[in-house]
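# Tertiary structure, described
Listed here are the chains, written in short residue letters.
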Amino acid sequence: MAAGAEKDSPHPVAEALRNAAESLGRTIPEADSQEVDPGLGVVARLSDGTVLVGSASFMEKHAVAITYFAKRAQEHRRQGHLIVYVAKNDRLQGLVAVRCRATENLDAFLRSLRREGFRRIDLISGDSTTSVEHFAMNLGFDEARGDLSPEAKAHWLDGLRQEGFRVLMVGDGINDTPAFSRADVSAALKPAGAPVVLEAAEVVILDGDVWKIISLRRAAQK
């Protein structure tokens, strides 16, 4: 159900759901319609009902009780997993735990940014704070914050600029466009096809290679 609801979404979690369903040999149902709530989840109408896929906040917004899986969700979050809830016709069906892996050599990349003169490196995300903090552990971020809506990410950048920072925002573009518009420079890594992302970002790195950020800065200096 989750894979069917997310069938046309470019989000990495949607891709993970589809891959998981296909690896289990499941037939992914077609959705008649999809409505995305940025940073929260998606409502899809399948042939046999309406399916919701998204965060705890998304389920609460649609008055779907999630307490049945509270203990299990807490355990997954302690392991740094991202939790995606699935409901059908306003009744909770289950949850999916998604493991988040850091890009290879991300810690080395962050150290290189420091050598290049970046004074502060923050990780901001719409994923749960517990998952984000677990992911960021020992990677060298100055601050890691989760549970941020697209608008909250934009306000975060506003705060940095008010402190006197010139801000480079790097993201995949999904739920990042408000923050892109607030940055001094914005770079979309391997954007997932949304035209609005290509319009919002000053720089698009098509292959998603984060190390090109350093090449970009050096080119700008020249």
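Within each chain, residue numbers correspond to sequence positions counted from 1 in written order. Thresholds applied to this predicted model are a pLDDT of at least 70 for local features of residues and 80 or more for the giving and counting of side-chain atom pairs; totals over whole chains, interfaces and linings are not thresholded and use all residues. Excluded from the side-chain calculations are hydrogens and water; all other atoms, namely the structure's heavy atoms, are used.

## Thoughts on the packing of helix H5 (residues 106–116) against helix H10 (residues 212–221)
To define axes, lines are fitted to C-alpha atoms, for helices over the stretch in contact only, and angles between the resulting N-to-C directions are given on a 0 to 180 degree scale. Secondary structure is summarised from DSSP: a helix means a run of H or I of at least four residues, a strand means a run of E of at least two, and numbering begins at the N terminus for each. Where H5 contacts H10, the axes come no closer than 10 Å and their chain directions differ by 15°. The angle between H5 and H10 falls in the class roughly parallel. In the packing of H5 onto H10, the handedness of the crossing is left-handed. Only Ile213, Ile214, Arg217 and Arg218 of H10 make contact with H5, whose side of the interface consists of Phe109, Ser112, Leu113 and Glu116. Put simply, angles under 35 degrees are roughly parallel, angles over 145 are roughly antiparallel, angles from 65 to 115 are roughly perpendicular, and the rest are oblique. It is the rotation of the near helix from the far one that decides the hand of a crossing: anticlockwise by less than a right angle makes it left-handed, clockwise makes it right-handed. Contact criterion: two residues are considered in contact whenever any of their non-hydrogen atoms come within 4.5 Å of each other.

## Focus: the nonpolar core
The criterion is simple. A nonpolar core is a set of buried Ala, Val, Leu, Ile, Met, Phe, Trp, Tyr and Cys residues joined through side-chain atoms within 4.5 Å. Partly exposed residues are those whose accessible area sits between 20% and 50% of the maximum for their type, while under 20% is buried and over 50% is exposed, using a 1.4 Å probe and protein chains only. Counting 17 residues, the largest nonpolar core has Phe109, Leu110, Leu113, Leu123, Phe141 and Ile213 as its most contacted members. Listing elements by their share of this core, those giving two or more residues are H5, helix H6 (129–136), strand E9 (185–189) and H10. For this core, the element with the highest residue contribution is H5, accounting for four residues. Aside from chain neighbours lying at most four places away, what touches Leu123 is Val132, Phe135, Ala136, Phe141, Glu143, Ala144 and Arg145. Counting 14 residues, the second largest nonpolar core, distinct from the first, contains Ala56, Phe69, Ile83 and Tyr85.

## Some thoughts on H6
In an α-helix, one turn spans 3.6 residues; hence positions three or four apart end up facing the same way. Listed as buried for H6 are Ser131, Val132 and Ala136. Viewed end-on, H6 has its buried residues packed into an arc of 125°, placing them on one side of the element. Packing partners of the buried residues in H6 comprise strand E4 (82–88), strand E6 (122–124) and strand E7 (143–145). Looking one or two residues beyond H6, the residue adopting positive phi is Asn138, at roughly 65°. To obtain the arc, one takes the directions from the helix axis to the C-beta atoms.

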